[in-house]
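Descriptive structure summary
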Amino acid sequence: MRLKPLFSSNLTLWAGPRLGGNTLLVLLFLCVCAFAKAKDDDTNAQTPRKFKVVLDAGHGGSDPGKPSKFGYRESDIALKIALALGKELEKDPSMEVTYTRKTDVFIPLKKRGAIANAAKADLFISIHCNAHHTQAYGTETYVLGLHANEENLRVAKAENAVIFLEEDYETTYADYNINSPESIIAFDVMQEEYLEQSILMASLIQDNFRKKLKRKDRSVKQAGFVVLHQTVMPSILVETGFITNVKEGKYLASKKGQQAIAKTIADAVVTYKSKVFIPEAETQLIPKANTTDKIVAGVTFKVQLAASSRKLDPKPYNFKKLPEISRSREGGLYKYYSGNTSNYTAIKRRLSEAKAKGYTTAYIVSFDKNDIKVPLAKVLN
Ligand SMILES: [Zn+2]
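Now for a look at the structure at hand. (Residues numbered from 1 in each chain as written. Predicted model: local features only at pLDDT ≥ 70, side-chain atom pairs only at ≥ 80, totals over all residues. Heavy atoms only, no water.)

Considering the nonpolar core
In terms of nonpolar packing, the biggest core is built from 40 residues, with Leu-89, Ile-125, Met-201, Ile-265 and Val-269 touching the most fellow members. Elements supplying a minimum of two residues to this core: β1 (51–57), α2 (74–90), β2 (95–99), β3 (123–130), α7 (195–213), β6 (235–242) and α10 (255–276). Aside from chain neighbours lying at most four places away, what touches Met-201 is Leu-123, Ile-125, Ile-236, Ile-265, Ala-268, Val-269 and Tyr-272. By size, the runner-up hydrophobic cluster in this structure holds 21 residues, among which are Val-54, Leu-109, Ala-121 and Ala-223. (Core = buried A, V, L, I, M, F, W, Y, C linked by side-chain atoms within 4.5 Å. Buried < 20%, exposed > 50% of the residue type's maximum accessible area, 1.4 Å probe, protein only. Helix = DSSP H or I, 4+ residues; strand = E, 2+ residues; numbered from the N terminus. Contact = heavy atoms within 4.5 Å.)

Let's talk about the coordination of the zinc ion
Protein coordination at the zinc ion: the donors are His-59 (NE2), Glu-74 (OE), His-128 (ND1), Glu-159 (OE) and Glu-159 (OE), at 2.0 to 2.5 Å from the metal. Sequence spacing among the residues donating to the zinc ion works out to H-x14-E-x53-H-x30-E. Highlighted residues: His-59 in the loop between β1 and α2 and Glu-74 in helix α2, separated in sequence by 15 residues. (Donors = N, O, S within 2.8 Å, 3.2 Å for Na, K, Ca; no water.)

Here we look at the sheet that holds strand β7 (residues 300–308)
The sheet built from five strands is open, its strands ordered β8-β9-β7-β10-β11 with antiparallel pairing. The outermost strands of the open sheet, each flanked by one partner alone, are β8 (325–330) and β11 (373–374). Against the sheet, helix α12 (residues 344–356) makes contact with β7, β9 (333–341) and β10 (363–367), and its axis sits at roughly 25 degrees relative to β7, the strand it touches most. (Pairing = 2+ DSSP bridges. Axes fitted to C-alpha atoms, helices over the stretch in contact; angles between N-to-C directions.)

Concerning the sheet that holds strand β4 (residues 139–144)
One open sheet accounts for six strands, arranged β2-β1-β3-β6-β4-β5; its pairing is mixed. The open sheet has two edge strands, β2 and β5 (217–223), and neither has a second partner. Put simply, the sheet's adjacent strands are angled 25 degrees from each other on average, direction ignored. Here β4 pairs with β6 via three bridges, running antiparallel. Within the sheet, the bridge partner assigned to Thr-141 lies in β6 and is Val-238.

Focus on the environment of Ser-75
Looking at the secondary structure, you find Ser-75 in helix α2. Accessibility expressed as a relative area gives 0% for Ser-75, which makes it buried. The spacing of Ser-75 and Ser-62 is 13 residues in sequence and 9.8 Å in space, taken between C-alpha atoms. Ignoring any residue separated from it by four or fewer positions in sequence, one finds Ser-75 in contact with Gly-58, His-59, Gly-60, Asp-63, Pro-64, Arg-101 and Asp-104.

Some thoughts on unusual backbone geometry
Glycine aside, residues mostly have negative phi angles, and peptide bonds mostly take the trans form. The phi dihedral of Lys-320 is positive, around 50 degrees, even though this residue is not glycine. For Lys-320, the location among the structural elements is in the loop between β7 and β8. Phi at Asp-371 takes a positive value of approximately 70 degrees, unusual for a residue other than glycine. If you trace the backbone, Asp-371 turns up in the loop between β10 and β11.

Focus on the pattern of salt bridges
Should the charged atoms of two oppositely charged side chains come close, the side chains can pair. Taken as a whole, this structure holds 23 salt bridges when the rule is applied. Arg-49 is the salt-bridge partner of Asp-122, the closest N and O atoms lying 2.8 Å from each other. You can see Asp-122 sitting in the loop between α3 (109–118) and β3 and its partner Arg-49 sitting in the loop between α1 (21–44) and β1, a full 73 residues away along the chain. When its relative accessible area of 15% is taken as the criterion, Asp-122 is described as buried. On the basis of relative accessibility, which here comes to 24%, the residue Arg-49 falls in the partly exposed class. (Salt bridge = Lys/Arg side-chain N within 4 Å of Asp/Glu carboxyl O.)

Some details on the side chain of Arg-350
Counting through the fold element by element, Arg-350 comes out in helix α12. Polar side-chain contacts of Arg-350 include one of 2.8 Å to the side chain of Glu-324. Not counting the four nearest positions on each side in its chain, Arg-350 is found in contact with Val-303, Leu-322, Pro-323, Glu-324, Ser-338 and Gly-339. (Polar contact = N/O pair within 3.5 Å; in protein donor to acceptor, adjacent residues only side chain to side chain.)

Re the packing of α2 against α10
Contact geometry for α2 and α10: axes closest at 8 Å, N-to-C directions at 50 degrees. With respect to α10, the element α2 is oriented oblique. You can see that α2 and α10 cross each other, and the crossing is right-handed. Contacts between α2 and α10 involve Ile-77, Lys-80, Ile-81, Ala-84, Leu-85, Glu-88 and Leu-89 from the first element and Gln-258, Gln-259, Ile-261, Ala-262, Lys-263, Ile-265, Ala-266 and Val-269 from the second. (Parallel < 35°, antiparallel > 145°, perpendicular 65-115°, else oblique. Left-handed = near helix turned anticlockwise from the far one by under 90°.)

Overview of α3
Two residues of an α-helix separated by three or four positions point the same way, owing to the 3.6 residues in each turn. Taken together, the buried positions of α3 are Leu-109, Arg-112, Gly-113 and Ala-116. Axial view of α3: buried residues confined to an arc of 95 degrees, hence all on one face. Once α3 finishes, Lys-120 follows within two positions and takes phi at roughly 50 degrees, a positive value. (Arc of directions from axis to C-beta.)

Overview of the packing of helix α9 (residues 246–253) against α10
The N-to-C vectors of α9 and α10 enclose an angle of 80 degrees; their axes lie 4 Å apart at closest approach. One finds that α9 runs roughly perpendicular with respect to α10. Residues Tyr-251, Leu-252 and Ala-253 of α9 form the contact with α10, whose participating residues are Lys-255, Gly-257, Gln-258, Ala-260 and Ile-261. Looking at the contact of α9 with α10 residue by residue, the classes come out as five nonpolar, two polar and one charged. (Nonpolar A, V, L, I, M, F, W, Y, C, P; charged D, E, K, R; others polar.)

Shown next, in the form of structure tokens:
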């Protein structure tokens, strides 16, 4: 069949033979099929979960934060750094950023935590500026805990004081005596699970401040911050510098300073993510059983990695990135497992993997249909 040249004198755009009605129908049908196929592929594709960061610019609205005789507002500086940090993180498509505030508004401390918890965030970062009656300077990053000294308590008290601006604070925070961080954390140790990750994140930020920006490193500290207490994820609070220091205050209020601080924290988030995060889509991939695999119906095998009095977040980042981590409580101890399968061959592979990663005393345990532990030897016979 001879094809008409494209763009011939009669401006026919179709290069092929003229189409009859049936040909059109067939083409249309093929198109629909191709579309359906593409859609199908889309839904089957494993889209990796994003790493979710909640950025909390301290203070705002009727709460300007700490005073500075130079006229700087902590709430403004914190917001600008938080927005710049978010912009930096959002360049990475594997990150998802949520803000507790993007404008100059008042947000109660409890609401900030609620926003982070609703977002099911992987990390919570609260941004603040410090103040002191001396010319103190430098950066410090806090994780929730008992204040080690009076100075940490002073910082926590100042950040917690915003509670008194909230309506009904006496009922909302009835369980807190904010002048005593012990009372804040004594009745609930939720954050304990996330302490290790929080300290890791805090250290990465402080290291970056010191190495990349030559800032004075006032170290990672612990104190009873109400805002950190509200979240159920690794959470930190960064005091980015002193607005009461002549030089540092100027730096914090400058666009250049804010951008540099934001970039430095963003770099720390990227490092943290690379150390702790495995997209769930990856961890839930269960290799297909080979025909030669030994499957024991009605039994669940797990590899017991550790037993400890410490309550850890049952996530791969706490267990050298081993997947499918679960936790149970038995006789006052927390037991940590990797794997959840009735495939005995597969669990043996997981055991070798765990041993190779340093869990040299790991072993296989088996559970019956009612989740009751049964001796392995009995199950295998
Ligand atoms: Zn503050």
